[in-house]
Amino acid sequence: MQKFILGKKNHITIVSAILIIIAYVSKLGFKNEPIAIWSLIIASVLGVIPIAIQAYQALKVKVVSIDVLVTIAVIGAFIIKNYEESAIVTFLFLFGAYLEQRTLNKTHSAIKELTEMAPEVALKQLKNGEFEEVEIEEVDVGDILLVKTGAKIPVDGTVLTGEGHINEASITGEAVPVSKKKDSGVYAGTILKNGILQITADRVGEDTTFGKIIELVEEAQDSKSEAERFIDRFSKYYTPAVLGLSFIVGLISRDIELAITILVLGCPGALVIGVPVSNVAGIGNGARHSVLLKGSEVISDFSRLDTMVFDKTGTLTIGNPKVADKEIYADNVDEVLAYLSSVEKESDHPLAKAVVEYIGDTKSYTVEKTVVVKGRGIVAHVEGHKVAVGNVALMEQENVLLSEKVRGDIARFEENGNSLVLTSVDGELKALIGIRDQIRPGVKEDLQQLKKLGVKNLVVLSGDNQGTVDLVARELGLTEAHGHMLPEDKSAYIKALQERGQIVAFVGDGVNDSPSLALAQIGIAMGSGTDVAIETSDVVLMNSDFSRLPHALGLTKATANNMLQNIIIAVGVVLVLLASVFFSEWMNMSIGMLVHEASILAVILNAMRLLRYKL
Amino acid sequence: MQKATIQLETLTCPSCMQKIENGVKSLEGVNKESVKVLFNSSKVRAEFDDEKVSIKDIENSIDKLGYEVLKSQVKKI
């Protein structure tokens, strides 16, 4: 019965609107008082039923809700036979709730888009080997599933047979389809663009990466900041306090009308909803733009940021060293490069990999008597020649003569931020190769934007030598650069900044810098949707997209401002209403309810502006 | 212990949250610390001891408050 009435709330709202119109037409048009009064009485009784039910349910679990205040006010108005007020107040309250629901749904739309990408069905292999469509809940780890072209991957799994291209935008933000074949990992919520795959389920439901992202965003939207917790505590005592105030005013002044007006005016609607609704809209905007913000505390800290600290490799730079400069001191270039490539293939050092990749397809020689000299390089025999590949120290050890010209080249290469690989054949220097990590394209512009948004210091910390770090800092216009830093040095540096009262964000790749990510007020992981990145940080930039950083900062600033505006609207409205009830003639219950509902809509609409926020 | 995730019809008023939270917490066998009502996604998360209380009991308690349960998932933890 209760549920039936609550379900018909919207119908009741329409009926009471019609009754109120009838009342006014008959009163003003036909001077027919009885019909007007009875219409208003019916509208009041009908309208108050759903509100009273909600009030009763709230009181049962010991909550003095707005419904309680309104129900008492309407009953009070009824007792003093002010049917006009009681009818209009109930109507406005119901209509306001309807509008509130409609607009609130809009602020949830960003999250809806995300959750609707969640797979719902899967083609599961049965015992007889055939595939049948089942609900996603019926899929367990280890099941074999069939995915056809155009379908969503239902679980996190591994490709068993088949090949195809998958759009992984829902996980990584990257729209270019990724090729998958046997043993490739696939993720729930991504879409198979072409081909057919059979996959084994490794993780299902909320354990999948996609499930975790959704859970994270959902919890973030309901997380509470210091300000919100304060408002929560406040409104817990506020509504009973309003009830008490109206009771006392009623007793002293013997004016029931005044007492019930206070009840209506004191409703804390906009205050309760104003801050969370900004929060939801802000986080929703982020989710839509590949920025995962983990809650409102993060928004508040991030918006007041002083210093942003970056890890170098993999964050400011691509993290994949490449050959940038080379000098060959020989005529038989191809042969020297072939020797070099053959020797470097023996090593898995990152610099060796860069060299092999750079030289590409070439003659492959058999390498014998390979000796790895720790911290220096490799010495080996190729085709009867003694080949040494390594740094300057290795050349000195091998008694290779470095001419004036070569020394000049070395100095120039180092100045450009290169790591050096020298090659000698039979004690004679043949090649000098400079390898360096490339700066991510667009990073410079992004950093300038961050500065414009008010970040005071941009700092780079790296384990590389000071020269390389300085070079990156100069090229990108950073304010400070520190090299030779171990992970514990980085976190000590952040701690020192914090002790000086700064709010610090750390941007890293989420794996080796987790102490710093955890220590900084805002840990920002350049994750590709990996578990570690999602769990240890406060903000996740999906697909390692550095260019989302200015958007993230701008968005948190806009969201924090929006919350402040909403608090001002809400508190302002309540103060003005309460003041006017004592100091003005025109204030009554209906106007109070109208202003109250309008202020709720105002804060929701204000928050909705955040959904469209763009830097 | 089991962990339940219960999807409700769209919640509309923040005070519903408190009602549902208090309602679920008052059940014997539900871990009070774990009860979380997510207003924006209209979900309830709670951990409970399945020897003392069943998922049906929890669903009924929410239903009795006037909120429709759309579906629920239970996972062993």
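Residues numbered from 1 in each chain as written. Chains lettered and ligands numbered in written order. Predicted model: local features only at pLDDT ≥ 70, side-chain atom pairs only at ≥ 80, totals over all residues.

Draft legend 1. Summary view of the overall build of chain B. Tallying secondary structure elements over chain B gives two helices and four strands in all. Reading chain B from its N end, one meets helices and strands in the order β-α-β-β-α-β. Taken over C-alpha atoms, the radius of gyration comes to 11 Å for chain B, in line with the 11 Å a tight globule of 77 residues would show. Each principal axis of the C-alpha distribution contributes one length, and for chain B these read about 35 × 20 × 20 Å. (Helix = DSSP H or I, 4+ residues; strand = E, 2+ residues; numbered from the N terminus. Rg over C-alpha atoms; globule rule 2.2 N^0.38 Å.)

Draft legend 2. Structural view of the overall build of chain A. Helix and strand content of chain A: 24 helices and 20 strands. By principal-axis analysis of the C-alpha atoms, chain A measures approximately 115 × 70 × 40 Å. The long-range fraction of contacts in chain A, counting pairs at least 24 apart against all pairs at least 6 apart in sequence, stands at 65%. (Contact = placed C-beta atoms within 7 Å.)

Draft legend 3. Molecular detail of the sheet that holds strand β2 (residues 36-38) of chain B. Residues and elements named next belong to chain B. The four strands are arranged β2-β3-β1-β4 in an open sheet whose pairing can be described as antiparallel. Taken across any chain shown, the strands that pair with only one partner, and hence form the sheet edges, are β2 and β4 (69-76). The sheet shows a mean angle of 15 degrees between the axes of neighbouring strands, taken without regard to direction. Summarising the sheet, β2 and strand β3 (residues 43-48) pair through three bridges and their orientation is antiparallel. When the bridges of β3 are listed, Leu38 appears paired with Lys43. Together, β1 (2-8), β3 and β4 form the strand contacts of helix α2 (residues 55-64), whose direction differs from that of β4 by roughly 150 degrees. (Pairing = 2+ DSSP bridges. Axes fitted to C-alpha atoms, helices over the stretch in contact; angles between N-to-C directions.)

Draft legend 4. View of the interface of chain A and chain B. Listed as interface residues are 25 residues of chain A and, on the opposing side, 16 residues of chain B. Going through the elements one at a time, α1 (2-7), α3 (33-60), α5 (83-107), α8 (209-222) and α11 (269-288) of chain A are the ones with two or more residues in the side of chain A that touches chain B. Considering every element that reaches the side of chain A that touches chain B, the biggest residue donor is α5(A), with five residues. Residues of the side of chain A that touches chain B, tallied by class, amount to 11 nonpolar, seven polar and seven charged. (Nonpolar A, V, L, I, M, F, W, Y, C, P; charged D, E, K, R; others polar.)

Draft legend 5. Spotlight on the packing of α3(A) against helix α4 (residues 66-79) of chain A. Residue and element names in this part refer to chain A. At a minimum axis distance of 8 Å, the contact between α3 and α4 shows a crossing angle of 140 degrees. Relative to α4, the element α3 is oriented oblique. Handedness of the crossing formed by α3 with α4: left-handed. In contact with Ser44, Val48, Ile51, Ala52, Gln54, Ala55, Ala58 and Leu59 of α3, α4 contributes Asp67, Val68, Val70, Thr71, Val74 and Phe78. Each residue belonging to the contact of α3 with α4 can be placed in one class, and the counts come to 10 nonpolar, three polar and one charged. (Parallel < 35°, antiparallel > 145°, perpendicular 65-115°, else oblique. Left-handed = near helix turned anticlockwise from the far one by under 90°.)

Draft legend 6. How the structure looks around the confidence of the model for chain B. Residues and elements named next belong to chain B. Overall, the predicted model of chain B reaches an average pLDDT of 82, with 95% of residues at or above 70. Confidence, read as mean pLDDT per element, is least for helix α1 (residues 14-25) in chain B (78) and greatest for β3 (88). Two numbers describe this predicted complex: its pTM, 0.71, and its ipTM, 0.71. (pLDDT = per-residue confidence, 0-100.)

Draft legend 7. Here's a closer look at helix α17 (residues 404-415) of chain A. Residue and element names in this part refer to chain A. Between its terminal C-alpha atoms α17 stretches 17 Å, which fits the 16 Å expected from 12 residues at 1.5 Å a residue. Of all 12 residues that make up α17, one are buried, and the element is exposed over most of its length. Phi for Gly417, located one or two positions after α17, is positive at around 85 degrees. (Expected span 1.5 Å × (residues − 1). Buried ≥ 20, exposed ≤ 12 C-beta atoms within 10 Å, placed from the backbone.)

Draft legend 8. Spatial organisation of the packing of helix α12 (residues 296-303) of chain A against helix α23 (residues 548-583) of chain A. Residues and elements named next belong to chain A. The contact between α12 and α23 brings their axes to 8 Å, and the two run at 105 degrees. By the angle between their axes, α12 is roughly perpendicular relative to α23. Contacts between α12 and α23 involve Ile299, Ser300, Phe302 and Ser303 from the first element and Leu553, Thr556, Lys557, Thr559 and Ala560 from the second.

Draft legend 9. How the structure looks around unusual backbone geometry. Residues and elements named next belong to chain A. Despite not being glycine, Glu383 has its phi angle at roughly 50 degrees, a positive value. Looking at the element boundaries, Glu383 is found in the loop between β12 (377-382) and β13 (385-390). On the basis of neighbour count, Glu383 is assigned to the partly exposed category, with 14 C-beta atoms found within 10 Å. Positive phi is not limited to glycine here, since Asn399 has a value of about 60 degrees. Tracing the backbone through its elements, the reader meets Asn399 in the loop between α16 (392-397) and α17. A count of 8 C-beta atoms within 10 Å places Asn399 in the exposed class.

Draft legend 10. Structural view of the confidence of the model for chain A. Per-residue pLDDT for chain A has a mean of 81; in total, 93% of the residues score no lower than 70. Averaged pLDDT values over the elements of chain A bottom out at 61 in helix α22 (residues 531-536) of chain A and peak at 91 in strand β16 (residues 457-461) of chain A.

Draft legend 11. Spatial organisation of the nonpolar core. Residue and element names in this part refer to chain A. With 133 residues, the main nonpolar core has Ala73, Val89, Val264, Ala505 and Val539 as its most contacted residues. Here this core gets 12 residues from one element, more than from any other, and that element is α23. Each of domain 1 (140-203) and domain 2 (291-319 + 440-544) contributes no fewer than three residues to this core. Sequence-distant contacts of Ala505, that is, excluding residues within four places in its chain, are made with Phe302, Leu305, Met308, Val309, Ala520, Ile522 and Ile524. Grouped together as the second largest cluster of nonpolar side chains are 27 residues, Ala354, Ile378, Val387 and Leu432 included. (Core = buried A, V, L, I, M, F, W, Y, C linked by C-beta atoms within 7 Å. Domains from an automatic or database assignment.)

Draft legend 12. Spatial organisation of the pairing of β3(B). Residue and element names in this part refer to chain B. Note: β1 against β3, six bridges, orientation antiparallel. Along β3, the bridge assignment pairs Gln7 with Lys43. Taken together, β2 and the strand that follows it, β3, pair antiparallel across an intervening segment of four residues, in which Ser42 is found at a positive phi of about 55 degrees.

Draft legend 13. Seen up close, α4(A). All names here are of chain A. Look at α4: 20 Å from first C-alpha to last across 14 residues, which is about the 20 Å you get at 1.5 Å a residue. Extensive coverage of α4 is indicated by the burial of 10 of its 14 residues. Looking only at α4, the buried set comprises Ile66, Asp67, Val68, Leu69, Val70, Thr71, Ala73, Val74, Gly76 and Ala77. Where α4 ends, the next residue or the one after it, Lys81, has phi of about 60 degrees, a positive value.

Draft legend 14. A look at the environment of A:Ile604. Summarising the element assignment, A:Ile604 is placed in helix α24 (residues 589-608). The spacing of A:Ile604 and A:Glu414 is 190 residues in sequence and 58 Å in space, taken between C-alpha atoms.

Draft legend 15. Quick look at the pairing of strand β4 (residues 156-167) of chain A. Residue and element names in this part refer to chain A. One ladder, built from 11 bridges, connects β4 with strand β7 (residues 191-203); its direction is antiparallel. If you follow Glu163 over to β7, its bridge partner there is Ile196. Sheet analysis places β4 next to strand β6 (residues 185-186), joined by two bridges and oriented antiparallel. Across the sheet, Thr158 pairs through a bridge with Gly185, a residue of β6. By the bridge criterion, three bridges tie β4 to strand β5 (residues 178-180) in an arrangement that is antiparallel. Bridge pairing links Gly164 to Lys180 in β5.

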